Amino acid sequence: MRESHVVLAAAILLTGACSGSEGSRSTAAPAPTTEMAASAVEDPSAELRSTMVARQIEGRGVRDPAVLEAMRNVPRHEFVPERLVEAAYGDRALPIGHGQTISQPYIVAVMSELLEIEPGAKVLEIGTGSGYQAAILAEIGVEIYSVEIIPELAAEARGRLDTLGYQVTTLNADGYFGWEEHAPFDGIIVTAAPDHVPQPLVNQLAPGGRMVIPIGPVGAVQTMWRFAVDDTGELVGERLGSVRFVPFTRAEQ
Ligand code: SAH
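Nothing here was measured: the structure is a model prediction, and the numbers come from that model.

### Focus: the overall build of the protein
Looking only at helices and strands, the protein has seven helices and 10 strands in total. Burial status across the protein gives 41% buried among its 253 residues.

And the structure:
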């Protein structure tokens, strides 16, 4: 493996489709005084997302317009436990049960941007968790496949994605083995930290595709990497900064 340049100088530390605003232009309904007032009534959380994107995401250098738009549209508060709804747009990861977390908004945005994918690309996520990262990618227009190892979380995320209308294909399995049936993938995003790159994931990466993955020891600070297979078939890794993720676990062998 070859290691190339550092992309993000600063350490990124993880402290951790339907937006509901459609139809605000209906001509049949009484005319709202302003479009702003109409959308605020229909979706009061839109403003919280707008502020979240401006301060936490754009303010820290994420520029991809599709990522920013998706982060403004996906109702993050629907992906956190009821008692944490008030904290949904805060600058941190939040617990989602079973010792797992929904990543900090900034991390979700950075990882999505690092994939450098276009609408229609095929992406594999390992670690569905709440389903939030998968929903962001679906909102961008990506064909998204997501694998979760904890059955309860997999089932909850499935229900949530269906209710909200996000097109995500999910699987309850050990993501170490990727999802051979749907390979190759233009992008692979791993949202739990293994201590090495799972070889099956490398094998399932399309030529020119990218894998974004935190790697490092359990319970310590890990390193965010982006890997790509170059023209000669060699795996090239870029070290992107320090992060803290939940461990990548393995099914009983
Ligand atoms: N992307 C998620 C973040 C979830 S945290 C979100 O947006 O909410 C990471 C998730 O990875 C956890 O749900 C954990 O159970 C899962 N995970 C850990 N090891 C895994 C493995 N080997 N295969 C699939 N999922 C795994």
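Picking up after the structure, the text goes on.
### Thoughts on the pairing of strand β8 (residues 205-215)
A large share of β8 lies buried, amounting to eight of its 11 residues. Inspection of the sheet shows strand β7 (residues 185-190) paired to β8 by four bridges, in the parallel sense. Across the sheet, residue Ile 189 finds its bridge partner in β8, namely Val 212. Pairing between β8 and strand β9 (residues 222-229): six bridges, direction antiparallel. Its bridge partner lying in β9, Arg 210 is registered against Ala 228. Following β8, the chain reverses through six residues before pairing antiparallel with β9; Gly 219 in that reversal takes a positive phi of roughly 75 degrees.

### Details of the site of the ligand
Around the ligand sit 24 residues, and of these Gly 127, Gly 129, Ser 130, Gln 133 and Gly 175 come closest. Looking at the shell around the ligand, the elements that each hand over two or more residues are β3 (100-102), α5 (132-140) and β5 (143-148). It is β3 that provides the largest number of residues to the shell around the ligand, a total of three residues. Considering only residue class, the shell around the ligand consists of 11 nonpolar, 10 polar and three charged.

### What to know about the nonpolar core
Counting 65 residues, the largest nonpolar core has Val 123, Ala 135 and Ile 136 as the members making the most contacts within it. Setting aside chain neighbours within four positions, we find Ile 136 in contact with Ala 70, Met 71, Val 74, Val 108 and Ser 112.

### A few points about the confidence of the model for the protein
The predicted model of the protein averages 87 in pLDDT, with 83% of residues at 70 or higher. Below pLDDT 50 for its whole length, residues 4-34 participates in 60 contacts with residues either more than four positions away or in separate chains.

### Here we look at the environment of Ala 70
Here Ala 70 lies in helix α3 (residues 65-73). Through-space distance from the C-alpha of Ala 70 to that of Gly 141 is 9.6 Å; in sequence the pair is 71 residues apart. If we ignore the near neighbours within four places in the chain, the residues touching Ala 70 are Ile 136, Glu 139 and Ile 140.

### So, the packing of α3 against α5
Running from amino to carboxyl end, α3 crosses α5 at an angle of 120 degrees, the nearest separation of the two axes being 9 Å. When the interaxial angle is binned, α3 and α5 end up oblique. As α3 runs across α5, the sense of the crossing is right-handed. Judged by residue contacts, Ala 66, Val 67, Ala 70, Met 71 and Asn 73 of α3 engage Ile 136, Glu 139 and Ile 140 from α5. In terms of residue class, the contact of α3 with α5 is made up of six nonpolar, one polar and one charged.

### Focus: the packing of helix α2 (residues 46-57) against helix α4 (residues 105-114)
Pairs of packed helices are described in terms of their axes, by the angle between the two and the distance that separates them. Contact geometry of α2 with α4 gives a least axis separation of 10 Å together with a crossing angle of 75 degrees. As far as their axial angle goes, α4 and α2 are roughly perpendicular. For the pair α2 and α4, contact is made by Met 52, Gln 56 and Ile 57 and by Pro 105, Tyr 106 and Ala 109, respectively.

### Focus on α4
For α4, a buried count of nine out of 10 residues is recorded, marking the element as mostly surrounded by other parts of the structure. Every buried residue belonging to α4 is among Pro 105, Tyr 106, Ile 107, Val 108, Ala 109, Val 110, Met 111, Ser 112 and Leu 114, and all of these are buried. In the stretch just after α4, Glu 116 is the one whose phi turns positive, near 45 degrees.

### Some thoughts on unusual backbone geometry
Here the amide bond leading from Ala 183 into Pro 184 is cis, since omega sits at 0 degrees, within 30 degrees of zero. With respect to the element layout, Pro 184 can be found in the loop between β6 (168-172) and β7. In this structure, His 98 is a non-glycine residue whose phi angle is positive, near 60 degrees. When you line up the elements, His 98 lands in the loop between β2 (94-97) and β3. At Glu 116, a residue that is not glycine, the phi angle is positive and equals roughly 45 degrees. Mapping Glu 116 onto the fold places it in the loop between α4 and β4 (122-126).

### Some words on the environment of Ile 117
Residue placement: Ile 117 occurs in the loop between α4 and β4. When the C-alpha atoms of Ile 117 and Gly 209 are compared, they prove to be 8.7 Å apart, with 92 residues separating the residues in sequence. Not counting chain neighbours up to four residues away, the residues in contact with Ile 117 comprise Val 123, Val 142, Asp 186 and Gly 187.

Quick notes on the rules
- Residues numbered from 1 in each chain as written.
- Predicted model: local features only at pLDDT ≥ 70, side-chain atom pairs only at ≥ 80, totals over all residues.
- Helix = DSSP H or I, 4+ residues; strand = E, 2+ residues; numbered from the N terminus.
- Buried ≥ 20, exposed ≤ 12 C-beta atoms within 10 Å, placed from the backbone.
- Pairing = 2+ DSSP bridges.
- Near = placed C-beta within 6 Å.
- Nonpolar A, V, L, I, M, F, W, Y, C, P; charged D, E, K, R; others polar.
- Core = buried A, V, L, I, M, F, W, Y, C linked by C-beta atoms within 7 Å.
- Contact = placed C-beta atoms within 7 Å.
- pLDDT = per-residue confidence, 0-100.
- Axes fitted to C-alpha atoms, helices over the stretch in contact; angles between N-to-C directions.
- Parallel < 35°, antiparallel > 145°, perpendicular 65-115°, else oblique.
- Left-handed = near helix turned anticlockwise from the far one by under 90°.

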